[in-house]
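Fold and contact review
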Amino acid sequence: MNVVDRDLAGRGEEAWGQGVAGLCPSCGTGRTEPFYQVDDVPTNSCILFRTRAEAIGCIRGSILLHHCRGCGFVFNSRFEQALTEYSDRYEETQGFSPTFNRFHHQLAQEIVQRHGLYDRDVMEIGCGKGEFLVLLSQLGRNRGIGVDPSAIPERLAGVAGAELVTLIPEYFEPRHCTVQPDLLCCKMTLEHIPQTARFLETIRAGLDAERRATIFFQVPDAGRILRACAYEDIYYEHCSYFTEASLSRLFRHCGFDVIRTTVEYDGQYLTLEAVPSARRAERADKHPSDEWTGLVRTFAERARLAKEHWRSIVRQTRSDGRRILLWGSGSKAVSFLTSLGLADAIDAVTDINPNRHDHFMPGTGQPIISPARIAELDPGLVIVMNGIYEDEIRRDLAGIGVSCDVRCL
Ligand SMILES: [Zn+2]
């Protein structure tokens, strides 16, 4: 999801390499170099399309990842905010998965308990459909305010705890901070923002350092993406990629003391907790490690080999006369289908989110079917887009009486 107004989100030539040769938008000083390119990718992988033609004709853009030699930040230098859409057509929720809901519940409980958040003010920037904010509010009887242009307040009607929460379906602006929050939460959002330092500085400017509000951020862990060569986790809406080191550095530069970082959810999510500080760290206080530089420089070749591996699996399955189904229709699936260049070989995509059924995959046009229709398709191979859901998916397949190969990315 996204949270900033168009002006703040705008990449701005001056910050981006074309204007001032290769300056980093995170530390503002480091020189950057390109290391991975994918062209012709859908720019909105969570938008739902009602017809195949519309899905195939979706807006496309390019990804050219750069990394900063000063701070290790990774970003898409070809990103154009104007090509992305965050509206009520944007369907990103993972809230239909029991595995994800357990994680979400436990995370909210830990945050509430660790910071003694009871009868407090909690704000979430980029709250999506508001599920996490409801949990934070309900678990501590807190007052929640959520800001996100893709929020749909009506969807919370009748949900326990929703009466504690106000959702504002707008891009975040400082005027939304009418009450100083005790917790400011921002999950899976910063990676959608091109001007990362400007965004954090705006938040910091709105916070009173004396109040020592807890700041909680969660982003995908770029350390895992590069180490595991998870090219499916690189997609257009994610224009900014962080490691623990580059994320901490950005927060220190923008006037926060970092108090805790963790990697969670099978290594996929990087979390950071901070408090506003009276001082700012120097811009380039630590340089990226040799390990990180090595991962960056070998990534394109490793990704090429990983894609080739999956192409051969897909070709082999087709030549055996078996159908192929992807499980998971979100951004990873869009990225996988686009990267592989074998879209015609994949028959359909399924998802447990009913809001996605009877729509079509952006860019490649596969139908998104409900799990109840998998038996009709009779797939020989199910490719699971996120291995953390493997057990859940195997149980679901057994439940509908489908027996086939299951492989995880
Ligand atoms: Zn930098």
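Structure first, text after, so check above.
Residues numbered from 1 in each chain as written. Predicted model: local features only at pLDDT ≥ 70, side-chain atom pairs only at ≥ 80, totals over all residues. Heavy atoms only, no water.

The subject of this paragraph is the overall build of the protein. Broken down by element type, the protein carries 11 helices and 16 strands. Taking 2.2 N^0.38 as the reference for a compact globule, 409 residues should give roughly 22 Å; the C-alpha atoms of the protein span a radius of gyration of 21 Å, in line with that estimate. For the protein, the C-alpha atoms occupy an extent of roughly 65 × 50 × 35 Å along the three principal directions. Considering the protein as a whole, with its 409 residues, one finds that 60% of them fall into the buried category. The contacts in the protein between residues at least 6 apart in sequence include a share of 70% that link residues at least 24 apart. Only carbon and sulfur atoms are counted for the fraction: they give 49% of the accessible area of the protein, which is about 16100 Å². (Helix = DSSP H or I, 4+ residues; strand = E, 2+ residues; numbered from the N terminus. Rg over C-alpha atoms; globule rule 2.2 N^0.38 Å. Buried < 20%, exposed > 50% of the residue type's maximum accessible area, 1.4 Å probe, protein only. Contact = heavy atoms within 4.5 Å. Areas by Shrake-Rupley, 256 points an atom, 1.4 Å probe, with all protein chains shown as cover.)

So, about the nonpolar core. If you look at the biggest cluster of nonpolar residues, it comprises 43 residues, and the most contacted ones within it are Tyr36, Phe299, Leu326 and Ile383. Among the elements of the structure, β1 (32-42), β2 (60-68), α6 (222-227), α8 (290-319), β12 (323-327), α9 (331-340) and β15 (379-384) are those that each provide at least two residues to this core. Built from parts of two domains, this core gets at least three residues from each of domain 1 (98-280) and domain 2 (313-408). (Core = buried A, V, L, I, M, F, W, Y, C linked by side-chain atoms within 4.5 Å. Domains from an automatic or database assignment.)

Ideal values for angles at a metal depend on the geometry: 109.5 degrees with four tetrahedral donors, 90 or 180 degrees with six octahedral donors. Protein coordination at the zinc ion comes from Cys24 (SG), Cys27 (SG), Cys68 (SG) and Cys71 (SG), with a distance range of 2.3 to 2.4 Å. Each donor residue of the zinc ion lies on the same chain, and together they follow the pattern C-x2-C-x40-C-x2-C. On the criterion of sequence distance, the pair formed by Cys27 in the loop between α1 (6-9) and β1 and Cys68 in strand β2 is long-range, its members being 41 residues apart. There is no split in this pair, since Cys27 and Cys68 are both buried. (Donors = N, O, S within 2.8 Å, 3.2 Å for Na, K, Ca; no water.)

Moving on to empty space enclosed by the protein. A full pass over the atoms with the stated rule returns 4 cavities of 30 Å³ or more. Of the volumes computed, that of the second largest cavity is approximately 90 Å³. Taken together, 14 residues make up the lining of the second largest cavity; nearest its centre are Val41, Ile63, Ile234, Tyr235 and Ser335. At the level of secondary structure, the elements contributing two or more residues to the lining of the second largest cavity comprise β1 and α9. Partitioned by chemical class, the residues of the lining of the second largest cavity number 10 nonpolar, 4 polar and no charged. Shared between two domains, the lining of the second largest cavity takes at least three residues from each, and those domains are domain 1 (98-280) and domain 2 (313-408). (1 Å grid on protein atoms, 1.4 Å probe; cavity = no way out; pocket = protein on both sides within 12 Å on 5 of 7 lines; lining within 4 Å. Points joined across faces, edges and corners; volume = space filled by probe spheres on them. Nonpolar A, V, L, I, M, F, W, Y, C, P; charged D, E, K, R; others polar.)

A separate point is the pairing of β2. Along any regular strand the residues' side chains alternate between the sheet's two faces. In terms of burial, β2 is a largely internal element, 7 of the 9 residues being buried. By the bridge criterion, 8 bridges tie β1 to β2 in an arrangement that is antiparallel. Bridge pairing in β2 places Pro34 opposite His66. Both β2 and strand β3 (residues 74-76) contribute to a ladder of 3 bridges, which runs antiparallel. Directly across from His66, in β3, lies its bridge partner Phe75. Counting the residues between successive antiparallel strands, the hairpin from β2 to β3 contains 5 residues, one of them, Gly72, with a positive phi of roughly 85°. (Pairing = 2+ DSSP bridges.)

Below, the discussion takes up the environment of Leu305. For Leu305, the position within the fold is in helix α8. Overall, the relative accessible area of 47% leaves Leu305 in the partly exposed class. Sequence separation of Leu305 and Thr99 is 206 residues, and the distance between their C-alpha atoms is 31 Å.

Here Leu272 shows up in strand β11 (residues 269-276). Judged by relative accessible area, Leu272 falls into the buried class, the value being 0%. The sequence separation of Leu272 and Ala213 amounts to 59 residues, and the corresponding C-alpha distance is 14 Å. Sequence-distant contacts of Leu272, defined by excluding residues within four places in its chain, comprise Ile215, Phe216, Phe217, Leu247, Ser248, Phe251, Val258, Arg260 and Thr261.

Judged by how many residues are buried, α9 sits mostly within the fold: 9 of 10 residues are covered. Taken together, the buried positions of α9 are Ser331, Lys332, Ala333, Val334, Ser335, Phe336, Leu337, Ser339 and Leu340. Looking at the buried positions of α9, the neighbouring elements they touch are β1, α6, α8, β12, β13 (348-350) and β15. Residue Gly341 follows α9 closely and has a positive phi angle near 70°.

Moving on, we get to the packing of α8 against α9. α9 packs onto α8 with a crossing angle of 85° between their chain directions and a minimal axis gap of 10 Å. Taken together, the axis directions place α8 and α9 in an arrangement best described as roughly perpendicular. In this structure, α8 contributes Lys307, Trp310, Arg311 and Val314 to the contact, and α9 contributes Phe336, Ser339 and Leu340. Looking at the contact of α8 with α9, its residues break down into 4 nonpolar, 1 polar and 2 charged. (Axes fitted to C-alpha atoms, helices over the stretch in contact; angles between N-to-C directions. Parallel < 35°, antiparallel > 145°, perpendicular 65-115°, else oblique.)

One open sheet accounts for 4 strands, arranged β1-β2-β3-β9; its pairing is antiparallel. Where the open sheet ends on each side, the last strands, each with one partner, are β1 and β9 (240-241).

It is worth spelling out the pattern of salt bridges at this point. Under the criterion given, the structure shown has 20 salt bridges. Taking the shortest distance from any N to any O, the salt bridge between Asp182 and Arg211 comes out at 3.2 Å. Of this pair, Asp182 sits in the loop between β6 (165-168) and β7 (183-187) while Arg211 sits in the loop between α5 (196-205) and β8 (214-220), and the two are 29 residues apart along the sequence. A relative accessible area of 40% places Arg211 in the partly exposed class. (Salt bridge = Lys/Arg side-chain N within 4 Å of Asp/Glu carboxyl O.)

Relative to the elements of secondary structure, Thr43 occurs in the loop between β1 and α2 (52-56). Judged by relative accessible area, which is 0%, Thr43 ranks as buried. Reaching out from Thr43, the side chain makes a polar contact with the side chain of Asn44 at a distance of 3.2 Å. Those residues in contact with Thr43 that lie beyond four places of it in its chain are Ile59, Arg60, Gly61, Leu83, Thr84, Tyr236 and Glu237. (Polar contact = N/O pair within 3.5 Å; in protein donor to acceptor, adjacent residues only side chain to side chain.)

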